[in-house]
Amino acid sequence: MLNILLNIFSVVSIQSYIILSAVLFSIGVLGVLFRRNAIIIFMSVEMMLNAVNLLLVAFSVYHNDANGQVFVFFVMAVAAAEVAVGLAILVTIFRNLHSIDIDELKNLKW
Amino acid sequence: MELYIFYLLAALGIFSGFMTVFSRNPVHSILYLVIFFFAITGHYLLLNAQFLAMVNLIVYVGAIMVLFLSTIMLMNLNQETEQHKPALARIGAVVASGLLMLVLIAIFKRADNMPLPPDTNPMLSTVKNLGSVLLNQYLFPFEFSSVLFLSSMIGAVLLSKKEKVEAR
């Protein structure tokens, strides 16, 4: 059954994947710069990570090399750990300031 | 056929990404982000990477999004109370990210179109193949990621524990 699967790169060029990943990464950057809600900023960072993951998988399949996909696996693991700690920090900030607006986080000490 | 699926998934991903950034209500943002992750999963399936597609679905949609959603509910932020940044900062953000996108595309457009490798291996992305690479070549980083998870778990518990107020 696997033998009849089409090689996607005979239909979609690798350039399309590069452009798509660049656009998705830029949307993530836009979210980080545009919003004041710290949770939305976290979500935008996740979007950037996913854009990079997509490009890694595309090149891994393109070059017939499994290392890229293993690396994506590690990126997902690190992203999960980062989100757990980051949201814990946000909960602590919210408990102290009653807001997670990043423009109010100007002081290192209060 | 595959080309249309690619463009459909790409359009879905870009649309839901924009809606994630521009939704006023944080809960709507999270739901659009779930659609974004589904689009990425579709791309993985299109690239014949079944294992990563399932891992992406379980880790991101199943775990991380639930974590985000429960945090939003915990903070009671499901109203549209957020104030916008000043107009200058918003215009600056749009211009900066647009320029970044232009520069990235312009750089990668100049890359030479590489020829297709002669033999494409349909068994590349199977769990068997990836598992053997992961547990032979990358055994040490794999075990080390358990230390990362342990430390992040301890950190999350420590941070979200309520501090006792000490009388001075």
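Quick summary incoming for the structure in this document.

Calculation criteria
- Residues numbered from 1 in each chain as written.
- Chains lettered and ligands numbered in written order.
- Predicted model: local features only at pLDDT ≥ 70, side-chain atom pairs only at ≥ 80, totals over all residues.
- Heavy atoms only, no water.
- Helix = DSSP H or I, 4+ residues; strand = E, 2+ residues; numbered from the N terminus.
- Buried < 20%, exposed > 50% of the residue type's maximum accessible area, 1.4 Å probe, protein only.
- Contact = heavy atoms within 4.5 Å.
- Polar contact = N/O pair within 3.5 Å; in protein donor to acceptor, adjacent residues only side chain to side chain.
- Core = buried A, V, L, I, M, F, W, Y, C linked by side-chain atoms within 4.5 Å.
- Domains from an automatic or database assignment.
- Buried area = accessible area lost by both parts, 1.4 Å probe.
- Salt bridge = Lys/Arg side-chain N within 4 Å of Asp/Glu carboxyl O.
- Nonpolar A, V, L, I, M, F, W, Y, C, P; charged D, E, K, R; others polar.
- Expected span 1.5 Å × (residues − 1).
- Phe/Tyr/Trp six-rings, centres within 6.5 Å; stacked < 30°, edge-to-face > 60°.
- Axes fitted to C-alpha atoms, helices over the stretch in contact; angles between N-to-C directions.
- Parallel < 35°, antiparallel > 145°, perpendicular 65-115°, else oblique.

1. Here's the deal with the overall build of chain B
Scanning chain B from terminus to terminus reveals six helices and zero strands. When the helices and strands of chain B are placed in sequence order, the string is α-α-α-α-α-α. Counting across all 168 residues of chain B, residues that qualify as buried make up 33%. If you take every contact in chain B between residues at least 6 apart in sequence, the share linking residues at least 24 apart comes to 55%.

2. Points about the side chain of asparagine 48 of chain B
Residue and element names in this part refer to chain B. Considering the arrangement of structural elements, one finds asparagine 48 in the loop between helix H2 (26–46) and helix H3 (50–75). The class of asparagine 48 is buried, set by a relative accessible area of 17%. In terms of polar contacts, asparagine 48 uses its side chain to reach the side chain of glutamine 50, at 3.3 Å.

3. Here we look at the nonpolar core
Counting 67 residues, the largest nonpolar core has Phe9, Tyr17 and Leu90 of chain A together with Tyr44, Leu47 and Phe68 of chain B as its most contacted members. Those elements that provide at least two residues to this core are helix H1 (14–34), helix H2 (38–62) and helix H3 (67–97) of chain A together with helix H1 (2–22), H2, H3, helix H4 (87–109) and helix H5 (127–136) of chain B. Residue contributions to this core reach at least three from each of two domains, namely domain 1 (1–80) and domain 2 (126–161) of chain B. Sequence-distant contacts of phenylalanine 68 of chain B, defined by excluding residues within four places in its chain, comprise Ile39, Phe42, Met43, Glu46, Val83 and Leu87 of chain A together with Ile30 of chain B.

4. Structural notes on the interface of chain B and chain A
By a widely used convention, the size of an interface equals the accessible area lost when the partners come together. Counting residues at the interface gives 87 residues for chain B, matched by 75 residues for chain A. Of the roughly 7600 Å² buried where chain B meets chain A, counting both sides, 76% is carbon and sulfur surface. Here chain B is connected to chain A by zero salt bridges. Here chain B and chain A share four residue pairs in polar contact (both at pLDDT 80 or more) between them. Secondary-structure elements contributing two or more residues to the side of chain B that touches chain A are H1, H2, H3, H4, H5 and helix H6 (139–160) of chain B. For the side of chain B that touches chain A, the element with the highest residue contribution is H3 of chain B, accounting for 14 residues. Each residue belonging to the side of chain B that touches chain A can be placed in one class, and the counts come to 55 nonpolar, 22 polar and ten charged.

5. Considering H2 of chain A
Residue and element names in this part refer to chain A. Taking 1.5 Å per residue, 25 residues should reach 36 Å; H2 reaches 37 Å between its end C-alpha atoms and fits that length. Among the 25 residues of H2, 20 are classified as buried, and the element is accordingly described as predominantly covered. The N-cap residue of H2 is asparagine 37: its side-chain oxygen and the backbone nitrogen of isoleucine 39 are 3.1 Å apart. Two residues or fewer past H2, asparagine 64 is found with a positive phi of approximately 60°.

6. So, the packing of aromatic side chains
Using the criterion set out here, one finds twelve aromatic pairs over all chains in the structure. A ring pair is formed by phenylalanine 36 of chain B and phenylalanine 37 of chain B, whose centres lie 5.8 Å apart and whose planes are at 65°; its orientation type is edge-to-face. Each member of the pair, phenylalanine 36 of chain B together with phenylalanine 37 of chain B, is buried. The structure contains a cluster of three or more aromatic residues connected by ring pairs, namely Phe73 and Phe74 of chain A together with Phe51 and Tyr138 of chain B.

7. Here we look at the packing of H3 of chain A against H6 of chain B
Following both chains from N to C, one finds H3 of chain A and H6 of chain B inclined at 10°, their axes separated by 9 Å at the closest point. Compared by their axis directions, H3 of chain A and H6 of chain B come out roughly parallel. Each of Phe73, Phe74, Ala77, Val78, Ala80, Ala81, Ala84, Val85, Ala88, Ile89, Thr92 and Arg95 of chain A in H3 of chain A lies in contact with H6 of chain B, whose residues at this interface are Pro141, Phe142, Leu148, Phe149, Ser152, Ala156, Leu159 and Ser160 of chain B. Looking at the contact of H3 of chain A with H6 of chain B residue by residue, the classes come out as 16 nonpolar, three polar and one charged.

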